Amino acid sequence: MEERLACVRFNNVGKFYYFSTDMDIKKGEKVVVETIRGLELGEVISDLKDLSEFKLDTELKPIKRRANRADEDVYQFNKTKAEKSLEICKEIVSHYDLDMHLINCEYTLDASKVIFMYTSETRVDFRQLLKELASVFKCRIELRQIGPRDKAKIVGGLGSCGLPLCCSSFLGEFDGVSINMAKNQLLAINIDKISGACGRLLCCLKYEDDTYTDIKKKFPKIGSKIKYNGKIVKVIGLNVISDLVKIDDEGNISFIDLKEVKLISNNHKKKNNDGSH
């Protein structure tokens, strides 16, 4: 059987990576692969694809094998082991009085390497810490500094919407989010209200941004002038959900239906066109 492309994820909402395989593996099956961290257990999250569909500039690592019951038992054992290792590491960090907050701990499937994830506001000199951790855990040690978004993804919690955080429930990777998205969606620029549990801009600002951009094409621009009730008035706001346009008529503020704006604008253009002949 010729090699095909498999998409593998290592945590329920972790990033996914591509591997090659000549096995007939189905979506949802657990597999063992070798990554830069070592042997790991992951899950195939989509149907296999033909390699010819992709222009790959690097050679993909192959899936080593389907995961068996023993692999899954070891994986669960390592998760329990990691919880205990995290507590031990916290005690050692406290002993050295280092400015680092430990968040999570993971072992590779063969337990040849343990990864401790932490956050810190400063650069940490952990040379002595590494030596002691290596002597305690008897394996390779990786100390990985993560950002506030990754921390929220690992810790989890509830968002302002009352639902579990997107990053810890279904987001595999973080999309770029900018303050311009909040402006595009006509939100009040109150940083506290448009920031998530991580302290960064809400990931959900990305979800509707393209929709708002598309819908706003049928609205007059804020700051533009339109004709209404025989007067020239200024557009000072929009409510794209209710199809309303906020206008300023010599100090009198009101909302008018978008349909009225279109009718007025079209009539105004038609008169101008008629007068030009």
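For the structure, check the block above.
Parameters at a glance
- Residues numbered from 1 in each chain as written.
- Predicted model: local features only at pLDDT ≥ 70, side-chain atom pairs only at ≥ 80, totals over all residues.
- Heavy atoms only, no water.
- Phe/Tyr/Trp six-rings, centres within 6.5 Å; stacked < 30°, edge-to-face > 60°.
- Buried < 20%, exposed > 50% of the residue type's maximum accessible area, 1.4 Å probe, protein only.
- Helix = DSSP H or I, 4+ residues; strand = E, 2+ residues; numbered from the N terminus.
- Lys NZ or Arg CZ within 6 Å of the ring centre and 35° of its normal.
- Pairing = 2+ DSSP bridges.
- Axes fitted to C-alpha atoms, helices over the stretch in contact; angles between N-to-C directions.
- Core = buried A, V, L, I, M, F, W, Y, C linked by side-chain atoms within 4.5 Å.
- Contact = heavy atoms within 4.5 Å.
- Polar contact = N/O pair within 3.5 Å; in protein donor to acceptor, adjacent residues only side chain to side chain.
- Arc of directions from axis to C-beta.

Colleague: What is the right way to read the packing of aromatic side chains from this model?
Modeller: Here the distance between the centres and the angle between the planes together describe a pair of aromatic rings. All chains considered together, the criterion is met by 6 aromatic pairs. With a centroid separation of 5.9 Å and 40 degrees between ring planes, the pair formed by F10 and Y17 is classed as tilted. By relative accessible area, which is 41% here, Y17 ends up partly exposed. Note on F116 and F137: the rings are 5.6 Å apart at their centroids and 50 degrees apart in plane angle, and the pair reads as tilted. Of this pair, F116 sits in strand β8 (residues 113–119) while F137 sits in helix α2 (residues 127–137), and the two are 21 residues apart along the sequence. The exposure class assigned to F116 is buried, which follows from its relative accessible area of 0%. Each member of the aromatic cluster is reached from another via a ring pair, and the members are F10, Y17 and F19. Looking at K81, its charged tip hangs above the ring of Y107, at a distance of 4.6 Å from the centre.

Colleague: Honestly, the sheet that holds strand β11 (residues 231–239) in this entry has me stumped. Any pointers?
Modeller: Two modes of strand pairing occur in sheets, parallel and antiparallel, and in both the strands are linked by backbone hydrogen bonds. Strands sit in the order β10-β11-β12-β13 across an open sheet of 4 strands; the sheet is antiparallel. Since the sheet does not close on itself, it has two edges, and those belong to β10 (225–228) and β13 (252–257), each with one partner. Each neighbouring strand pair of the sheet contributes to a mean axis angle of 45 degrees, computed without reference to strand direction. Relative to strand β12 (residues 244–249), β11 is paired through 5 bridges, and the arrangement is antiparallel. Bridge pairing links N239 to L244 in β12.

Colleague: Is there a simple way to think about the environment of E83 in this case?
Modeller: Tracing the backbone shows E83 in helix α1 (residues 69–96). Exposure remark for E83: the relative accessible area of 56% places this residue in the exposed category.

Colleague: Please clarify how the nonpolar core should be interpreted in this entry.
Modeller: In globular proteins that are soluble, nonpolar side chains generally tend to be buried together. Among the nonpolar cores identified, the biggest contains 20 residues, and L102, F116, L129, L133, I141 and L143 are the most heavily contacted of them. Looking at which element gives the most residues to this core, the answer is α1, with 5 residues. When neighbours within four sequence positions are excluded, I141 is seen to be in contact with V114, F116, L130, L133 and A134. Membership of the second largest hydrophobic core comes to 13 residues, among which are I226, Y228, V233 and V235.

Colleague: Could you clarify how one ought to interpret the pairing of β12 in this entry?
Modeller: Along any regular strand, the residues point their side chains to alternate faces of the sheet. Burial of β12 is one-sided: the residues V245, I247 and D249 facing one way are buried, the residues L244, K246 and D248 facing the other way are not. The turn linking β11 back onto β12 is made up of 4 residues, and D243 within it adopts a positive phi angle of 60 degrees. Pairing geometry for β12 and β13, over 6 bridges, is antiparallel. Residue pairing across strands places D248 opposite I253, the latter belonging to β13. Here β12 folds back onto β13, and the loop between the two strands holds 2 residues, one of which, E250, carries a positive phi near 55 degrees.

Colleague: In this structure, what is going on with the sheet that holds strand β7 (residues 101–107)? I would like to understand it.
Modeller: If you walk across this open sheet you meet the 3 strands as β7-β8-β9, and the pairing is mixed. Each edge of the open sheet is held by one strand with a lone partner, namely β7 and β9 (140–145). Taken pair by pair, the neighbouring strands of this sheet meet at an average axis angle of 20 degrees, ignoring direction. As paired strands, β8 and β9 are joined by 6 bridges and run parallel to one another. Bridging from a neighbouring strand, M117 pairs with R144 of β9. The sheet strands contacting helix α3 (residues 148–155) are β7 and β8, and the helix crosses β7 at an angle near 60 degrees.

Colleague: Can you help me understand the side chain of K113 in this one?
Modeller: Along the polypeptide, K113 turns up in strand β8. One polar contact links K113 to E142, side chain to side chain, over a distance of 2.9 Å. Not counting chain neighbours up to four residues away, the residues in contact with K113 comprise I36, R37, E106, Y107, T108, C139, R140 and E142.

Colleague: Is there a simple way to explain α2 in this structure?
Modeller: Residues lying three or four places apart along an α-helix face the same way, a consequence of the helix completing one turn every 3.6 residues. What α2 keeps buried is the set L129, L133 and F137. Down the axis of α2, the sector holding all buried residues measures 45 degrees, keeping them to one side. Structural note: α2 exposes R127 and K131 on the side pointing more than 90 degrees away from its buried face. Where α2 is buried, its residues touch α1, β7, β8 and β9.

Colleague: Could you clarify how one ought to interpret the side chain of T35 in this entry?
Modeller: Residue position: T35 is located in strand β3 (residues 30–35). For T35, the side chain forms a polar contact with the side chain of E40, separated by 2.7 Å. Beyond its immediate chain neighbours, meaning those up to four positions away, T35 contacts F10, F19, E40 and K61.

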